[in-house]
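In case you want the letters, here they are:
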Amino acid sequence: MGTLKFILFIKKYLIHLTGLILPLFTLLSAQLLYNFSKRAILIYFIVIIIVTYTLQLIRDKKFFIIYLFFTSFLISLSSFIEISHFIIFKDAISESTIYIVLETNISEFSEFFSSYFRDSVLVFALLHIISFTVGIYYSLKTNTIQIIKKSIPLIIVLFLLLFSITYKLRSDFLPYTIYSSSITYLQQREAFNDIEILKNGNFKNIEYKEEKEEICVVIIGESTTRNHMSLYKYYRDTNPLLSKKSGLTVFKNVKTPHTHTIPALEDVLVLDNSNISNKYNSTLIQLMNSANYKTYFISNQKPIGIYETSITLMSKTSDKSYFTAISDTKLYEVILKPLDRVLAEKEKRKFILIHLMGTHLQYSKRYPTKFNIFKNIPRTKYKHETAYSTINQYDNAVLYNDFIINTIIEKVNNYDSNSYVLYFSDHGEDVYETIDEACHTESKGTAPMYNIPFIIWQSKKYINNHKSIKNKELPYNSKYLIHTIADLSQIKFTKFDKNKSIINQDYEKSN
Ligand SMILES: [Zn+2]
């Protein structure tokens with residue numbers, strides 16, 4: 001081959017390679033954001049070259065153009081979505097993303113999206129449009145059919161080989177998670193559809209005071225043991241705000257039935273979980289629906305996943321739901337915005353259920369830097385650096401939790417209404433207290449995992465209209481929560497049992 005011929009040959013291929021500008025761009029973005037392995041990048045790039053050249057085998061020019069356009073468009077758009085998602089949430093797309101996009105209404109979603117929006121997403125959108133247009137333009141200008149034809153068998157073998165390798169490494173590829181999580185979402189949805197869930201559940205003989213105005217807020221905490229709260233005599237001042245709050249009743253001796261989120265909340269938020277149909281038709285939200293409250297669910301946890309789906313299913317009967325977190329690294333003050341809007345709504349009777357990320361692992365991600373207060377060596381019998389830093393992080397998260405709960409109470413108090421806020425944690429956590437680790441495992445089942453905070457704040461109007469609470473020292477199990485809330489809101493129903501309500505004047509024993 002002469003030099004000139006060689007240059008022409010290379011030039012021809014180079015022109016064709018400009019058609020790869022789109023995938024190349026996508027790849028570089030991915031490398032930048034996901035930190036892909038070099039091996040994955042190399043294989044992906046080779047696959048794209050082969051696929052692009054194989055495309056040239058399509059003889060019908062019109063069909064080729066349509067095919068090229070749509071596949072490139074699809075790849076470009078979905079890569080753009082995945083990359084933007086990564087920029088915004090610092091996390092890959094998951095089935096929770098798909099849930100939030102598809103199951104919340106447009107105005108809620110656009111508000112959600114705008115609160116997260118970054119200018120860099122616009123830049124990426126622009127770059128994708130340019131690379132897509134340029135890529136398509138050059139791909140159409142080239143014609144290498146003759147060269148390709150000679151090497152068909154080689155291409156097929158290589159293609160199959162590379163396909164099998166990329167399949168193995170698939171989670172590293174763009175765009176992949178957008179499709180895989182859509183499939184998971186659809187599967188979950190099918191499971192949802194199998195259960196008939198009634199708006200008002202199956203509560204019987206509901207009685208309530210129709211004329212009564214009320215704002216009820218129930219906050220579900222996460223992995224917070226009362227053993228690390230100064231409200232419960234912890235030696236560090238982890239509750240500087242709540243300890244000064246008036247109208248607060250701190251129940252000293254409440255335990256959770258389970259030390260994991262789902263089993264605990266399936267007991268706590270449900271009246272009867274003897275079978276799956278009863279479970280999703282006797283929830284706290286349905287009780288409040290039956291008693292003519294406008295019901296809201298605001299969550300800072302992800303809607304879909306092994307730890308979340310069941311609660312999301314329960315939340316579906318609320319009048320409105322807001323999911324404020326896609327990745328679990330977002331600080332939970334983001335719930336305050338939807339809370340403001342819900343509180344501003346002109347409804348006579350409101351029930352607002354808030355699900356926080358609380359003090360869940362990784363503790364260091366649960367508070368902003370200005371709450372990084374506890375840095376000294378903490379009290380623990382486990383004398384090593386990991387225990388010290390973990391306890392400090394946990395205590396900082398508890399401190400931030402104090403700030404959030406206090407802020408929620410203040411917001412409710414601003415409305416000067418007949419209102420109460422009940423806060424409890426789904427379960428506790430043992431943080432180097434009785435075991436040499438930090439966790440909430442039921443098989444270990446230590447006391448700090450079962451000891452939960454249980455606190456009720458009541459507004460002045462509420463206190464004036466109701467009997468005072470006197471049982472704060474008595475033992476109680478949070479699995480009877482529905483009875484306490486029904487009692488707080490003066491709701492009665494067939495299975496209501498005043499002996500299971502900690503605030504009832506007749507409550508006297510541990511259940
Ligand atoms: Zn939990």
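Up top you'll find the structure we're talking about.
Since we're looking at a predicted model, the values are computed, not measured.

Undergrad: Explain the overall build of the chain to me, please; I cannot follow it from the model alone.
TA: For the chain, the count of helices and strands is 19 helices and 10 strands. Considering the chain as a whole, with its 511 residues, one finds that 52% of them fall into the buried category. The contacts in the chain between residues at least 6 apart in sequence include a share of 80% that link residues at least 24 apart. On the chain, roughly 24,400 Å² of surface is accessible, and the fraction owed to carbon and sulfur atoms is 59%.

Undergrad: Explain the pairing of strand β2 (residues 248–255) to me, please; I cannot follow it from the model alone.
TA: Consecutive side chains along a regular strand alternate between the two faces of the sheet. Here 6 bridges tie β2 to strand β9 (residues 451–458), and the two strands are oriented antiparallel to one another. Its bridge partner lying in β9, Thr249 is registered against Ile456. With 3 bridges joining them, β2 and strand β10 (residues 475–477) adopt parallel strand pairing. Paired with Lys255 across the bridge in β10 is Asn477.

Undergrad: Whenever I open this one, the side chain of Thr359 confuses me. Can you help?
TA: One can find Thr359 in the loop between β5 (349–355) and α16 (385–413). On the accessibility criterion, Thr359 (0% relative accessible area) is buried. Reaching out from Thr359, the side chain makes a polar contact with the backbone oxygen of Ser223 at a distance of 2.7 Å. At a separation of 2.8 Å, a polar atom in the side chain of Thr359 contacts the side chain of Thr224.

Undergrad: Teacher, can you tell me more about the coordination of the zinc ion here?
TA: A four-donor tetrahedral metal ideally has 109.5 degree angles, and a six-donor octahedral metal ideally has angles of 90 or 180 degrees. In this structure, Glu222 (OE), Glu222 (OE), Thr261 (OG1), Asp426 (OD) and His427 (NE2) serve as the protein donors to the zinc ion, at separations of 1.9 to 2.8 Å. Written as a sequence motif, the donor arrangement for the zinc ion is E-x38-T-x164-D-H. You can call Asp426 buried: its relative accessible area is 0%.

Undergrad: Got a minute to help me understand helix α19 (residues 481–488) in this structure?
TA: Owing to its 3.6 residues per turn, the α-helix aligns residues three or four sequence positions apart on the same side. Judged by how many residues are buried, α19 sits mostly within the fold: 8 of 8 residues are covered. Every buried residue of α19 is listed here: Leu481, Ile482, His483, Thr484, Ile485, Ala486, Asp487 and Leu488. Just downstream of α19 lies Gln490, where phi reads positive at about 55 degrees.

Calculation criteria
Residues numbered from 1 in each chain as written. Predicted model: local features only at pLDDT ≥ 70, side-chain atom pairs only at ≥ 80, totals over all residues. Heavy atoms only, no water. Helix = DSSP H or I, 4+ residues; strand = E, 2+ residues; numbered from the N terminus. Buried < 20%, exposed > 50% of the residue type's maximum accessible area, 1.4 Å probe, protein only. Contact = heavy atoms within 4.5 Å. Areas by Shrake-Rupley, 256 points an atom, 1.4 Å probe, with all protein chains shown as cover. Pairing = 2+ DSSP bridges. Polar contact = N/O pair within 3.5 Å; in protein donor to acceptor, adjacent residues only side chain to side chain. Donors = N, O, S within 2.8 Å, 3.2 Å for Na, K, Ca; no water.

Any link to function would need more than the numbers given here.
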